[in-house]
Amino acid sequence: MHWTLEVVPVPVTDMDRAREFYAAKVGFNLDLDDEVAPGVRIIQLTPSGSRYSIAMLQGMPAVPGTKQMSPGSLHGLQLCVTDIEAAREELVGRGVDVSPVRHVGEAGWIEGEDGTWNSFMTFEDPDGNGWTIQEAPSDLAER
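In this text, all values refer to a predicted model and were calculated from it rather than measured experimentally.

The rules behind the values
Numbers given to residues run from 1 along each chain, matching the order in which its sequence is written. Confidence filtering applies because this is a predicted model: local features only for residues at pLDDT of at least 70, side-chain atom pairs given and counted only at 80 or more, and all residues used for totals across whole chains, interfaces and linings. Processing note: side-chain calculations cover all non-hydrogen atoms of the structure and skip hydrogens and water entirely. Only buried residues count toward a nonpolar core, which is a set of Ala, Val, Leu, Ile, Met, Phe, Trp, Tyr and Cys residues joined through side-chain atoms within 4.5 Å. The classification of residues rests on relative accessible area computed with a 1.4 Å probe and restricted to protein chains. Under 20% of the type maximum is buried, over 50% is exposed, and intermediate values are partly exposed. The way it works is that DSSP assigns letters per residue, a run of H or I at least four long becomes a helix, a run of E at least two long becomes a strand, and they are numbered from the N terminus. Whether two residues touch is decided by their heavy atoms; if any such pair falls within 4.5 Å, the residues are in contact. In short, DSSP must find at least two bridges between two strands for them to pair. Fitted lines through C-alpha atoms give the axes, limited to the stretch in contact for helices. The angle between two N-to-C directions lies from 0 to 180 degrees. Within this document, salt bridges are pairs made up of a side-chain nitrogen of Lys or Arg and a carboxyl oxygen of Asp or Glu, the two lying within 4 Å of each other. Pairs were defined over the aromatic rings of Phe, Tyr and Trp, the Trp ring being its six-membered one, requiring ring centres within 6.5 Å. Orientation was assigned from the angle between planes: stacked under 30 degrees, edge-to-face over 60, tilted for the rest.

This part takes up the nonpolar core. Counting residues in hydrophobic clusters, the biggest one holds 27 residues, and the most contacted among them are Y22, M56, F123 and W131. Of all elements in the fold, only α1 (15-25), β3 (40-46), β4 (53-58), β5 (77-81), α2 (84-93), β8 (120-124) and β9 (130-135) reach the threshold of two or more residues within this core. When residues in this core are grouped by element, the largest group, four residues, is from α1. With residues near it in sequence (within four places) discarded, F123 still touches F21, V26, L91, V96, D97, V98, N129, G130, W131 and I133.

Structure (structure tokens):
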């Protein structure tokens, strides 16, 4: 049996602001923006080339046995790109407040690129949900 990660819920306060941020600024593809039941809205977006999507939910009751996250509480989401400097330039050009590229060295985090698998940058959405971008040697389909 295959277990595939396909949708990650991202807790936000303002659905329209989040849609604008992820689609127009970050560049995710808008898959769905629909009221799937009375008072229940879902916005789903997919990063270009990704096998997973993010979803923002409004009016959706928690699935029994689960907990709801508060807006801004999601951290550690990680995207991979093959050219971190080009990705940074694209995000900055779209108005995203993204950190400098950093890598892990002997004394901790050091500013600057350090090759594949050890070059990172970060950004937050308008609610404070945190993302990390890591440089990878090739697209996921090629690994």
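After that view of the structure, there is still more to cover.
Here we take up the sheet that holds strand β1 (residues 7-9). Strand order in the open sheet formed by four strands is β1-β4-β3-β2, with mixed pairing between adjacent strands. Edge positions in the sheet fall to β1 and β2 (29-37), since each of these pairs with one other strand and no more. Within this sheet the neighbouring strands show an average axis-to-axis angle of 25°, counted without direction. Two elements, β1 and β4, share three bridges in a ladder whose sense is parallel.

Looking now at the pattern of salt bridges. As enumerated under the stated definition, the model contains five salt bridges in all. One salt bridge in this structure joins R94 and E90, with 3.4 Å as the shortest N-O distance. Taking relative accessible area as the criterion, E90 reaches 43% and is therefore assigned partly exposed. Connected through salt bridges with shared partners, the residues D16, R19, D33 and R41 form a single ionic network.

Before going further, it helps to spend a moment on the packing of aromatic side chains. Counting across every chain of the model gives seven aromatic pairs. For the ring pair F28 and W131, a centre distance of 5.8 Å and an interplane angle of 75° mean the geometry is edge-to-face. Within this pair, whereas F28 is found in the loop between α1 and β2, its partner W131 is found in strand β9, the two being separated by 103 residues in sequence. For F28, a relative accessible area of 6% puts it in the buried group. Residue classification places W131 among the buried positions, given a relative accessible area of 1%. A centroid spacing of 6.0 Å and a plane angle of 5° characterise the contact between F123 and W131, whose relative ring orientation is stacked. Site record: aromatic cluster; members linked through ring pairs are F21, Y22, F28, F123 and W131.

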